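Next come the chains, spelled out residue by residue.
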Amino acid sequence: MQGFIVHINRVKDEDLIVTILSEYKLKTTYRFYGARHSVINLGYLIDFETQISMRSNLAQLRSVIHLAQSWNIDRDRFYFWQNFVKLFYGHLKDVESIDRFYFDLLVSCSKKWHKQSPKRVAVEAFLELLQFEGRLHSLEYCFLCEEKIEDESAALARAFLPAHTECIHNKGLNINKLKELFRTKKTLFLDDDETEYLYMIMNEGF
Ligand SMILES: [Zn+2]
């Protein structure tokens, strides 16, 4: 089975609780400390097996192979990746069965991660996720005051909820650019500062 390591928690005696996002499940597994284990890291795509264990009520993580991607050794890119997968864990951690969408989305991002700006790949993926979950709102109304947004700019809050710039005290982005972004889910026509603005909001959580 394959999956992305989205959370690692160190427990007693160097044992680890490892959460893996696989095709249809968010699997929480237990890895006993042992020198013969391969090195694992948050964000790695791995091939693995699990086994029922007498020593823990979690399945034991076994036969791990790191399916390394070329950019895994690029420190900055890998750092952004780890940040990105953490958001998936935060979002899905209370669910066990998940739609295949999430795994496929991470696979598709991981294939582009070295070719494009990771921040742009992440923001575009986040828009896909919001759309998939039916949470991508139109930019028509402010979620705070519930009045129409008729200004040249609109601001976004967590999960890209739209608001008047004055309601949220944030200068926001040009409304037409935002509309285009929500429609195409592409950041191509945004500059780096605009992309950074969206990236920072995304990092508040899915
Ligand atoms: Zn408002």
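Quantities reported herein were computed from a predicted structural model and do not represent experimental measurements. (Residues numbered from 1 in each chain as written. Predicted model: local features only at pLDDT ≥ 70, side-chain atom pairs only at ≥ 80, totals over all residues. Heavy atoms only, no water.)

### Quick look at the domain arrangement of the chain
Split by domain assignment, the chain resolves into domain 1 (1–97) and domain 2 (116–206). For domain 1 versus domain 2, the separation of C-alpha centres amounts to 31 Å. Between domain 1 and domain 2, roughly 870 Å² of surface is buried when both sides are summed, and carbon and sulfur atoms account for 71% of that area. In terms of surface lost to domain 2, no three residues of domain 1 exceed Phe80, Leu87 and His91, which account for 58% of the buried area on that side. In this assembly, domain 1 and domain 2 are joined by zero salt bridges. Residue composition of the side of domain 1 that touches domain 2, grouped by class: four nonpolar, two polar and one charged. (Domains from an automatic or database assignment. Buried area = accessible area lost by both parts, 1.4 Å probe. Salt bridge = Lys/Arg side-chain N within 4 Å of Asp/Glu carboxyl O. Nonpolar A, V, L, I, M, F, W, Y, C, P; charged D, E, K, R; others polar.)

### Remarks on the packing of aromatic side chains
Following the criterion strictly, the structure yields 21 aromatic pairs and no others. Both rings, one in Phe4 and one in Phe103, keep their centres 5.7 Å apart while their planes meet at 50°; by these two values the pair is tilted. With a gap of 99 residues between them, Phe4 in strand 1 (residues 2–10) and Phe103 in helix 2 (residues 100–112) connect regions that are remote in the sequence. Here the two residues Phe4 and Phe103 agree in accessibility, since each one is buried. On the basis of an interplanar angle of 90° and a centroid distance of 5.9 Å, the ring pair of Tyr102 and Phe132 is categorised as edge-to-face. Pair noted here: Tyr102 is in helix 2 and Phe132 is in helix 3 (residues 118–132), with a separation of 30 residues, a long-range link. A relative accessible area of 7% places Tyr102 in the buried class. For Phe132, a relative accessible area of 39% gives the class partly exposed. (Phe/Tyr/Trp six-rings, centres within 6.5 Å; stacked < 30°, edge-to-face > 60°. Helix = DSSP H or I, 4+ residues; strand = E, 2+ residues; numbered from the N terminus. Buried < 20%, exposed > 50% of the residue type's maximum accessible area, 1.4 Å probe, protein only.)

### Let's talk about the confidence of the model for the chain
Within the chain, residue pLDDT values average 94, and 100% of them lie at 70 or more. Mean pLDDT values for the elements of the chain range from 92 in strand 5 (residues 59–66) up to 98 in helix 3. (pLDDT = per-residue confidence, 0-100.)

### Considering helix 5 (residues 175–184)
Quick reminder: α-helices carry 3.6 residues per turn. Residues three or four places apart thus point the same way. Those residues of helix 5 lying buried are Ile175, Leu178, Leu181 and Phe182. Seen end-on, helix 5 carries its buried residues on one side only, within an arc spanning 120°. The exposed set on the far side of helix 5, more than 90 degrees from its buried face, consists of Asn176 and Arg183. Where helix 5 begins, one side-chain oxygen reaches toward the backbone nitrogen of Asn176, 2.8 Å away; that side chain belongs to Asn174. Directly after helix 5, the chain includes Lys185, whose backbone phi takes a positive value near 60°. (Arc of directions from axis to C-beta. Polar contact = N/O pair within 3.5 Å; in protein donor to acceptor, adjacent residues only side chain to side chain.)

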